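Fold and geometry: a report
Each chain, written out:
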Amino acid sequence: MKLQLPIVNAQAPAVAPNGRLGQVWEELANTFPPQYTPVPQPDDGGVGLKQIMGFFTDTTLCIGCKACEVACKQWNQLPADGLNFTGNSYDNTRQLSGTTWRHVAFKEKLPEDGQGPGRWLMLSDVCKHCQDAPCQHSCPTGAIIYNQFGDVYVQNDICNGCGYCISACPFGVLGRAEQVNGQPTDGHAHKCTLCMDRQVEGMTPACAKSCPTASIQFGPVEELRAAARQRVKDLHDRGNDRAYLYGCDSVGDYGPLNAFFLLEDHPNEYNLPVDPPQPFRGQGLRYAASLAVGAALTAIAALLLGGGRRHG
Amino acid sequence: MAEGTRDVPYQAEWTPNLRHRPDPNRVNGPAVPARTIAPARRPTLPEAPYPQPTTTSPQPSYYDLSILKAPVWKWQIASYFFCGGLSAGAYALSRMAERAGDEKYRDLSRMGAYLALAALIPCPPLLIADLGDPKRFHHMLRVWKPGTPMNLGTWSIVAYSGMATYEVVRQYLQDRSDRIGSAQRGRLLKLMNNGVLLAIHDAAGVPFALMVAGYTGVLLSCTSNPLWCKNPWLGPLFSASALSTGAEAISLALDCTAEGGQPQSPSHSILRKVDTLAHLTEIGCLAGFLRFAGDKARPLRQGSQSKYHHLSLRAMIAAELLKLVPFGGALRKPIRMLSSALGLAAGFALRWSMVHSGRDAAEDPHAARLVSQPREG
């Protein structure tokens, strides 16, 4: 039995290209369509794609304890980032990086008029494990793959540290540390593995396991999405009109993310992009433009040289 | 080490726990053929439930930190872009001189072939030096993945370096043809000059050269970096710059060597015209680039790299102006050399500013927000 891979954004309406020129344009733009690297199948000797697993992070439940950040560092043996004081509320790690795969964003939101109580925005950020992920597209060594849980995984014995994925990611997730604690690192790109090593043993990822308020929920993404929609509905019923889902259905150029969030404010307040681009769309056209200009200039050079032969 | 402290093993060398353990679930090689999925159409955005920022309210942001990570590419990559482009441009011009031109452009085709290989030789060390893990540079060559410009470019440059080497060997044998002692060398030259072989060589070599010239721009445009993201002008810009730097390098090399000693080689006037045309294309592409990037190009125009950006433009204009001034006699050659050198400097400054200001752009929180602002369509 062949498992069907999820088609990104299957419900999105197809726009009919206008006319013959439109068709050529479309074909050029999609010269290199998004591609999954080989995903294991159920009959590949027991490592088949079982179910797509993911995270649902509910910021309304987050208390900012950073247990997830610590658990992630401990399980994955990630080094400390140093004792830095940023002055940004209780957040001293600033961002996700090659050595921080869970990052708790802290923000104290005070009312604009200065009246009444303020509120906390807290979000445990993580790799979004996009379907159609730009890091996976960009990886020139094939080190970044979709694993049997449908998540984006960097195979560090293949990674050669080129850093393309770091520039490709529109969420700023991947990192390549030059130095950690004054020591040179292995020079590879690193990010959340969604605890693949725990998952193969049937265990919950370290961050979700350690979360004391069930702000981080782990499970089959389809179940998580249903639960998340119900949660938003419940919150709306209770009068919290601000709650909405980020990345549950689609965000920017992307279809559903495998790690999605329930937010209460503008995405930029949590350092999430509003409408992240998929930079690999339309690369065929850009190749065509680049080769056309090169070929045109070369052809003109040939004409000039040939003209010399006739008249000279 | 102070009394009572313990040596933490991972401080010596950072090894994530997945590194040394053979992973039983490693997906390796083409066990299952890659499958293609239909590219997603842009979905219609639902009404955002959060308050939309207005011009009067402060921009929502997270402590004004950038969303994006800065690219890790440094001077090695900028230099590689320059050398690779120069090599490809010189190669294409050299082949055209032999194919379309006649014996009086022999100096052009000869010098172009030698320069193409000379500029190509530093490329692999530069690329390997840039990798975080230089031991594993060959991992690029373990897969064929044309969907990523870096992999396609690596394969192109491998193929192209073969063509460039062939060309240099052929030129060398031809240069020494009057003095060839051994019969084997003569036979080799005859084989290499075989019409069919040469036709195949050019049919593959010139497209590969154009690929090497332009893929670097496409590579940059396939990132989420505010400055480069999806910019269709980057590839053409780098292609045109490759042709212009190639022409300038050949012209300069001809002037520096004995053959160029004659003040007016016919090759010079051709190179001059090609160079001017390429410069005009470059300026057009740069204008298109800046227009497309809009506010996101501010790190290039006003950031730490702005001096190189402006240097590139000024050097290009100065090189063109020098060509227009009718110098005669003894001044003619030095002025031509100066113009070529200025053009080469412009090409280098262009790559340098473009690669390095990517870092500024990614670290600029405003630019990083702009690249992921909702767009129409």
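Residues numbered from 1 in each chain as written. Chains lettered and ligands numbered in written order. Predicted model: local features only at pLDDT ≥ 70, side-chain atom pairs only at ≥ 80, totals over all residues.

1. Some thoughts on the overall build of chain B
- In terms of regular secondary structure, chain B is built from 13 helices and one strand.
- Here the contacts in chain B between residues at least 6 apart in sequence split such that 79% fall between residues at least 24 apart. (Helix = DSSP H or I, 4+ residues; strand = E, 2+ residues; numbered from the N terminus. Contact = placed C-beta atoms within 7 Å.)

2. A look at the overall build of chain A
- Along the backbone of chain A there are eight helices and eleven strands.
- Burial statistics for chain A: of 312 residues in total, 53% are counted as buried. (Buried ≥ 20, exposed ≤ 12 C-beta atoms within 10 Å, placed from the backbone.)

3. Overview of the packing of helix α3 (residues 106-120) of chain B against helix α5 (residues 149-175) of chain B
All names here are of chain B.
- Relative orientation of the contacting elements α3 and α5 amounts to 135 degrees, with a least axis distance of 9 Å. Considering the angle they form, α3 stands oblique to α5. Taken as a pair, α3 and α5 cross one another with a handedness that is left-handed. Of the residues in α5, those touching α3 at R110, A113, Y114, A116, L117 and L120 are S161, A164, T165, E167, V168 and Q171.
- The residue inventory of the contact of α3 with α5, partitioned by class, reads seven nonpolar, three polar and two charged. (Axes fitted to C-alpha atoms, helices over the stretch in contact; angles between N-to-C directions. Parallel < 35°, antiparallel > 145°, perpendicular 65-115°, else oblique. Left-handed = near helix turned anticlockwise from the far one by under 90°. Nonpolar A, V, L, I, M, F, W, Y, C, P; charged D, E, K, R; others polar.)

4. Comments concerning the pairing of strand β11 (residues 259-263) of chain A
Residues and elements named next belong to chain A.
- Of all five residues in β11, five are buried; the element is thus mostly enclosed.
- Burial along β11 is two-sided: A259, F261 and L263 facing one way and F260 and L262 facing the other are all buried.
- Where strand β2 (residues 53-58) and β11 come together, four bridges link them in parallel fashion. Looking across to β11, one finds that D58 is bridged to L262.
- Sheet topology places strand β10 (residues 244-246) next to β11; three bridges connect them, and they run antiparallel. In the sheet register, Y244 faces β11, and the bridge partner there is L263. (Pairing = 2+ DSSP bridges.)

5. A word on the pairing of strand β4 (residues 119-125) of chain A
Residue and element names in this part refer to chain A.
- With five of seven residues buried, β4 lies mostly within the body of the structure.
- Here strand β3 (residues 103-109) pairs with β4 via seven bridges, running antiparallel. Paired with H103 across the strands is D125, a residue of β4.

6. A look at the sheet that holds β2 of chain A
Residues and elements named next belong to chain A.
- Strand order in this open sheet of four strands is β9-β2-β11-β10, and the pairing throughout is mixed. The strands lining the two open edges of the sheet, one partner per strand, are β9 (216-220) and β10. In this sheet, neighbouring strand axes are inclined to one another by 25 degrees on average, regardless of whether the strands run parallel or antiparallel.

7. Some points on the nonpolar core
- Counting residues in hydrophobic clusters, the biggest one holds 175 residues, and the most contacted among them are C165 of chain A together with L93, A209 and I250 of chain B.
- If you tally residues by element for this core, the top one is helix α2 (residues 75-99) of chain B, at 14 residues.
- Split by domain, the residues of this core number at least three in each of domain 1 (49-281) and domain 2 (282-312) of chain A. (Core = buried A, V, L, I, M, F, W, Y, C linked by C-beta atoms within 7 Å. Domains from an automatic or database assignment.)

8. A short note on the packing of α2 of chain B against α3 of chain B
Residue and element names in this part refer to chain B.
- Across the interface, α2 lies against α3 with an axial gap of 8 Å and an inter-helix angle of 155 degrees. Judged by the inter-axis angle, α2 sits roughly antiparallel to α3. For the pair α2 and α3, the crossing hand works out as left-handed. Between α2 and α3, the residues in contact are C83, L86, S87, A90, Y91, L93, S94, A97 and E98 and L108, S109, G112, A113, L115, A116, A119 and L120, respectively.
- For the contact of α2 with α3, a count of residues per class yields twelve nonpolar, four polar and one charged.

9. Focus on the domain arrangement of chain A
- Taken domain by domain, chain A holds domain 1 (49-281) and domain 2 (282-312).
- Just the C-alpha atoms count here: the centres of domain 1 of chain A and domain 2 of chain A sit 47 Å apart.

10. Topic: the environment of L219 of chain B
Residue and element names in this part refer to chain B.
- Relative to the helices and strands, L219 is located in helix α7 (residues 195-221).
- Given 26 C-beta atoms within 10 Å, L219 falls into the buried group.
- When the C-alpha atoms of L219 and L234 are compared, they prove to be 9.0 Å apart, with 15 residues separating the residues in sequence.
- Once residues within four sequence positions are removed from consideration, L219 is found in contact with P149, M150 and G153.

11. Examining the confidence of the model for chain A
All names here are of chain A.
- Taken residue by residue, chain A gives an average pLDDT of 85. The fraction at 70 or more is 86%.
- Note that pLDDT drops below 50 for residues 1-15; the model gives that stretch 29 contacts with residues more than four away or on any other chain.
- The model gives residues 34-43 a pLDDT under 50, and that stretch makes 41 contacts with residues more than four places away or in other chains. (pLDDT = per-residue confidence, 0-100.)

12. Structural notes on α7 of chain B
- Here α7 of chain B contains 27 residues, and its C-alpha end-to-end distance of 39 Å stays within 8% of the 39 Å for a straight helix at 1.5 Å per residue.
- Its maximal kink placed at G214 of chain B, α7 of chain B deviates by approximately 40 degrees. (Expected span 1.5 Å × (residues − 1). Bend = angle between axes of the 7 residues up to and from the residue.)

13. A closer look at unusual backbone geometry
- Phi at Q77 of chain A takes a positive value of approximately 55 degrees, unusual for a residue other than glycine.
- Relative to the helices and strands, Q77 of chain A resides in the loop between α2 (67-75) and β3.
- A tally of 14 C-beta atoms within 10 Å means that Q77 of chain A is categorised as partly exposed.
- The phi dihedral of Y63 of chain B falls on the positive side, at around 50 degrees, and the residue is not glycine.
- Structurally, Y63 of chain B can be placed in the loop between β1 (35-36) and α2.

14. Overview of the environment of M211 of chain B
- By secondary structure assignment, the location of M211 of chain B is in helix α7.
- M211 of chain B sits in the buried class, given 25 other C-beta atoms within 10 Å.
- Expressed as a C-alpha distance, the spacing of M211 of chain B and S239 of chain B, which sit 28 residues apart in the sequence, is 8.5 Å.
- Apart from residues no more than four positions distant in its own chain, M211 of chain B is found in contact with L291 of chain A together with S156 of chain B.

15. Regarding helix α7 (residues 221-237) of chain A
Residue and element names in this part refer to chain A.
- When the terminal C-alpha atoms of α7 are compared, their 24 Å separation across 17 residues agrees well with the 24 Å that a helix rising 1.5 Å per residue should span.
- Looking only at α7, the buried set comprises V221, L224 and A228. For α7, the angular spread of buried residues about the axis comes to 50 degrees, placing them on one side. In α7, the exposed positions that point more than 90 degrees away from the buried face belong to A226, Q230, K233, D234 and D237.
- Buried residues belonging to α7 abut β2, β9, β10 and β11. (Arc of directions from axis to C-beta.)

16. Things to note about the environment of K74 of chain B
Residue and element names in this part refer to chain B.
- Note that K74 resides in the loop between β1 and α2.
- C-beta crowding within 10 Å serves as the criterion here: with 14 such atoms nearby, K74 is assigned to the partly exposed category.
- A C-alpha to C-alpha distance of 39 Å links K74 and S265, two positions 191 residues apart in sequence.

17. Observations concerning the confidence of the model for chain B
- Here chain B averages 84 in pLDDT, and 81% of its residues register 70 or above.
- Across the predicted assembly, pTM comes out at 0.86 and ipTM at 0.85.

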